[in-house]
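# Close look at the chain arrangement
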Amino acid sequence: MLFRSEGYMNEIFAIAGSTWRNVLRLKVVYFLVFCVWVLVACALNYDVLSLGLEKELLIDASLMLNTITAVLIVLSLTFEIPKELKDGVASSMLSKPLGRTHYLIGKMLGNMVIGFVLCALVAAGSFLIFRVSFNDTVGQTMLQSQVLVILSVIPMSALAVLFAVALPEIVAPIVTVLVIWFSHSMGLLSNLPVIYGGILPDLELFNFKASAVYQTVIPWSYVVLVTLWGICYAVFAASLASLIFSRKDIR
């Protein structure tokens, strides 16, 4: 039993490794990260329009652009999984002992690694731009806010896997974007029980743009609890995706 478990874990990590390596070796990915750094730095040119609040604008822009980066990374899963199913790549994988659940877990973990790496690069570049531009240290709240954006990749990756296996290829990316957008507006939706029943993740838990701008302290215990919540939700969404995928006819 122990050897079998180790074999399953090796297969999961092999799929995850293949997923993140295929993306992270693409030069265009790092060009896009560089473009994000340029956009963050452009906030310095709006000192007049921002009434002298260019520092706050830069912080807000860096968090917003990093959030968009995370969403785009997650969205790639909704294209990759259906493509592998369509091209028969996944079929050859699923004929092996790894099973459908292990395939989905591997894809989700690989996407998380991609998200962590690229969002961390965006955050690091933003910190460097802030340090050089204002000759000021990066505050704890700025760091925590960027960390929370990076951690939001966990539940969003699970959502992407769920919709990738549950919906048609054309519909999955659209629904994923809409759900993520609604999940960032959970403060409003929570007052509408007909629409919100607790199934969608509350991604506002990871949003501390206002705190970063006004340097409001965030307890590290909150970051830990939100991380645990994100992991729990990812397990729930991945389990639901596995249940749907197990009943899916793959040709």
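Refer to the structure above for everything that follows.
In this text the structure is predicted, and so the values were computed from the model without any measurement.

Scanning the protein from terminus to terminus reveals 11 helices and 0 strands. For the protein, the proportion of its 251 residues judged to be buried stands at 44%. Surface summary for the protein: the accessible area is close to 13,100 Å², and the carbon and sulfur share equals 71%.

Below, the discussion takes up the pattern of salt bridges. Per the counting criterion, the structure on display carries 2 salt bridges. A salt bridge links E80 to K107, with the nearest nitrogen and oxygen atoms 2.7 Å apart. Residue E80 is found in helix 3 (residues 54-87), and its partner K107 is found in helix 5 (residues 99-134); the two are separated by 27 residues along the sequence. As far as burial versus exposure is concerned, E80 and K107 are alike and both buried. E84 is the salt-bridge partner of K107, the closest N and O atoms lying 2.8 Å from each other. With K107 in helix 5 and E84 in helix 3, the pair connects residues that are 23 residues apart, well separated along the chain. You'll find K107 and E84 in the same group, each marked buried.

A word on empty space enclosed by the protein. Summed over the entire model, instances satisfying the criterion amount to 2 cavities of 30 Å³ or more. By volume, the largest cavity is sized at about 70 Å³. Taken together, L63, T67, V149, S152, H184, F206, N207, F208 and K209 make up the full set of residues lining the largest cavity. Residues of the lining of the largest cavity, tallied by class, amount to 4 nonpolar, 4 polar and 1 charged.

If you walk through the whole model with that rule in mind, you get 6 aromatic pairs. Considering the side-chain rings of F206 and W229, the 6.1 Å spacing of their centres and the 50 degrees angle between planes classify their relative orientation as tilted. Of this pair, F206 sits in the loop between helix 9 (186-189) and helix 10 (209-213) while W229 sits in helix 11 (residues 220-246), and the two are 23 residues apart along the sequence. One aromatic cluster is present, formed by F206, W229, Y233 and F236 through successive ring pairs.

Further remarks concern the nonpolar core. With 60 residues, the main nonpolar core has I81, L104, L118, M156 and V161 as its most contacted residues. For this core, the secondary-structure elements that each account for two or more residues are helix 1 (2-24), helix 2 (27-42), helix 3, helix 5, helix 6 (140-151), helix 7 (153-166), helix 8 (171-183) and helix 11. Considering each element in turn, this core owes the most residues, 12 residues, to helix 5. The contacts of V161, once residues within four sequence positions are left out, are L77, I81, L104, M108 and A241.

Turning next to a nonpolar patch on the surface. On the surface, L26, V28, F31, L32, F34 and V38 cluster together to form a nonpolar patch covering roughly 560 Å² of accessible area. Summarising the element assignment, V28 is placed in helix 2.

Each value, and the rule that gives it
- Residues numbered from 1 in each chain as written.
- Predicted model: local features only at pLDDT ≥ 70, side-chain atom pairs only at ≥ 80, totals over all residues.
- Heavy atoms only, no water.
- Helix = DSSP H or I, 4+ residues; strand = E, 2+ residues; numbered from the N terminus.
- Buried < 20%, exposed > 50% of the residue type's maximum accessible area, 1.4 Å probe, protein only.
- Areas by Shrake-Rupley, 256 points an atom, 1.4 Å probe, with all protein chains shown as cover.
- Salt bridge = Lys/Arg side-chain N within 4 Å of Asp/Glu carboxyl O.
- 1 Å grid on protein atoms, 1.4 Å probe; cavity = no way out; pocket = protein on both sides within 12 Å on 5 of 7 lines; lining within 4 Å.
- Points joined across faces, edges and corners; volume = space filled by probe spheres on them.
- Nonpolar A, V, L, I, M, F, W, Y, C, P; charged D, E, K, R; others polar.
- Phe/Tyr/Trp six-rings, centres within 6.5 Å; stacked < 30°, edge-to-face > 60°.
- Core = buried A, V, L, I, M, F, W, Y, C linked by side-chain atoms within 4.5 Å.
- Contact = heavy atoms within 4.5 Å.
- Patch = residues over 30% accessible without salt bridge, like charges linked within 9 Å, V, L, I, M, F, W, Y side chains within 5 Å.

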